[in-house]
Amino acid sequence: MAWENKININSISTIICGSRVFLGVGAIEKIDFIAEQLKARGIDSVIAMTGKAAYETTGAWGYVTKALGKHGIRYVLYNKVQPNPETQQVDEAVKIARDAGAKAVIAIGGGSPIDAGKSAAILLEYPDKNCQDLYEAKFAAEKAVPIIAINLTHGTGTEANRFAVVTIPEKEYKPAIAYDCIYPLFSIDDPALMTGLPANQTRYVSIDAVNHVVEAATTVLNNPFSITLAKETMRLVAKYLPIALADSKNLTARYFLTYAAMIAGTSFDNGLLHFTHALEHPLSGIKTDLTHGLGLAILLPAVIKEIYPASGVILADVLSDIIPGLTGDAGEAEKAAQGMRDWLKSVGVTETLADVGFTKADVPKLVQLAFDTPGLAGLLGCAPVASDKDAVQRIYENSF
């Protein structure tokens, strides 16, 4: 019997990593405690940052407004955060927040609203800066107003770590930042808020978690913790993603996918990332309607092929639940890549770069963006093999 059968998914656990995460069915009710804690800190005004609809359709918003009202905390709402959020949206939200005297940010949604909320939280402490300054590394952020993350997807892990990503559209840059000051003060991971995720979004967010751990386990900065979390993430996703795809309302599947995503976020908070994320950001930086998880899925087999000769022993173990029989021998690189393609196909993902609108003529531009976009060179430098332009070009070309 698998140990997870002994877990009461209706019992709210408190997971302490960089953030304090409330995990479990019904965890949204912890917003009352969180509002009480904010008020005790002297916070009487907040901005809520969300996408267009999910904050309401999931029911999360009703809990938030009730708790804020009960504890006498005023709020303003910014509900224009789009997938792959852009700098001007963050700047617009920051202006609204400043005008309202907001002293904290409540971000409700998946990775995009939470990352935008983290960015706004920094800028509220730096009135002379804007979001492009932040993402072009024109200053180093050392402070941010408190961040509350109410997570509505099981993929990014951003509710538990210190990373954020926002696009600079005019430059087609999609940089990443990582600052200790943007660990959320509290986060809520309530799988009951995620049962309405469409099948494709369910796939893509979980594949994001898979990529987090494949990378975090194999960077030059990896460690036993990042590898242990990677192995468990893969086991849980392999088991529960097919169940969630077959039955979107299955709370046990949503719970363990949410937990898997959270520990995957913690894994890369400790081990960092490399090729797949560094190369996906140019894809969705150019095509902002490309879902991040789909872009990652397209690149992942080619990345595994590239890094397997250096990281085969780790990958053979980490991937054993989806690609059984690997030994870690360097000669298995293509076998491992094909095994990942087969698994992705089994969960409904078959696209290549061509299917999402790229041609091989785009490769030189993509390669250049991977090296020019602020922050991505640092990720490339964490790869377990040489991360020169030839390697990046091979990964892109092998993803068609």
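Since the structure is predicted, the reported quantities are computational estimates derived from the model, not experimental observations.

1. A closer look at helix H7 (residues 199-216)
Now for step 1: Between its terminal C-alpha atoms H7 stretches 26 Å, which fits the 26 Å expected from 18 residues at 1.5 Å a residue.
Now for step 2: Within H7, 15 of the 18 residues are buried, leaving the element largely enclosed by the surrounding structure.

2. Quick look at the layout of surface pockets
Now for step 1: Size it by volume and the second largest pocket reaches roughly 240 Å³.
Now for step 2: Around the second largest pocket, the lining comprises 16 residues; the ones closest to its centre are Pro301, Arg341, Thr350, Glu351 and Thr352.
Now for step 3: Looking at the lining of the second largest pocket, the elements with two or more residues in it are helix H11 (292-318) and helix H12 (333-346).
Now for step 4: It is H12 that contributes the most residues to the lining of the second largest pocket, 5 residues altogether.
Now for step 5: Across the lining of the second largest pocket, the residue classes break down as 7 nonpolar, 5 polar and 4 charged.

3. Brief notes about the environment of Gly110
Now for step 1: Within the element layout of this structure, Gly110 appears in the loop between strand E5 (105-109) and helix H5 (111-123).
Now for step 2: Linking Gly110 and Ala54, residues 56 residues apart in sequence, is a C-alpha distance of 9.3 Å.
Now for step 3: Beyond its immediate stretch of four places on either side in the chain, Gly110 contacts Asn151, Leu152 and Thr153.

4. Notes on the pattern of salt bridges
Now for step 1: Taken as a whole and assessed by the stated rule, the structure comprises 16 salt bridges.
Now for step 2: Between Asp44 and Arg74 there is a salt bridge, with the nearest N and O atoms lying 3.9 Å from each other. Taken as a pair, Asp44 in the loop between helix H1 (31-40) and strand E3 (45-50) and Arg74 in strand E4 (residues 74-78) lie far apart in primary sequence, 30 residues in all.
Now for step 3: Owing to a relative accessible area of 26%, Asp44 belongs among the partly exposed residues under this scheme.
Now for step 4: Of the residues examined, Arg74 reaches a relative accessible area of 48% and is grouped as partly exposed.
Now for step 5: Ionic pairing is found between Glu334 and Arg341, a salt bridge with its closest N-O pair at 3.1 Å.
Now for step 6: On the basis of relative accessibility, which here comes to 35%, the residue Glu334 falls in the partly exposed class.

5. Notes on the packing of aromatic side chains
Now for step 1: Applying the stated rule across the entire model yields 9 aromatic pairs.
Now for step 2: On the numbers, 5.7 Å between centres and 80° between planes, the contact of Phe33 with Phe186 is edge-to-face. Of this pair, Phe33 sits in helix H1 while Phe186 sits in strand E9 (residues 186-189), and the two are 153 residues apart along the sequence.
Now for step 3: Taking relative accessible area as the criterion, Phe33 reaches 29% and is therefore assigned partly exposed.
Now for step 4: Among the aromatic residues, ring-to-ring pairing joins Phe22, Phe33 and Phe186 into one connected group.

Reading guide: rules and limits
Residues numbered from 1 in each chain as written. Predicted model: local features only at pLDDT ≥ 70, side-chain atom pairs only at ≥ 80, totals over all residues. Heavy atoms only, no water. Helix = DSSP H or I, 4+ residues; strand = E, 2+ residues; numbered from the N terminus. Expected span 1.5 Å × (residues − 1). Buried < 20%, exposed > 50% of the residue type's maximum accessible area, 1.4 Å probe, protein only. 1 Å grid on protein atoms, 1.4 Å probe; cavity = no way out; pocket = protein on both sides within 12 Å on 5 of 7 lines; lining within 4 Å. Points joined across faces, edges and corners; volume = space filled by probe spheres on them. Nonpolar A, V, L, I, M, F, W, Y, C, P; charged D, E, K, R; others polar. Contact = heavy atoms within 4.5 Å. Salt bridge = Lys/Arg side-chain N within 4 Å of Asp/Glu carboxyl O. Phe/Tyr/Trp six-rings, centres within 6.5 Å; stacked < 30°, edge-to-face > 60°.

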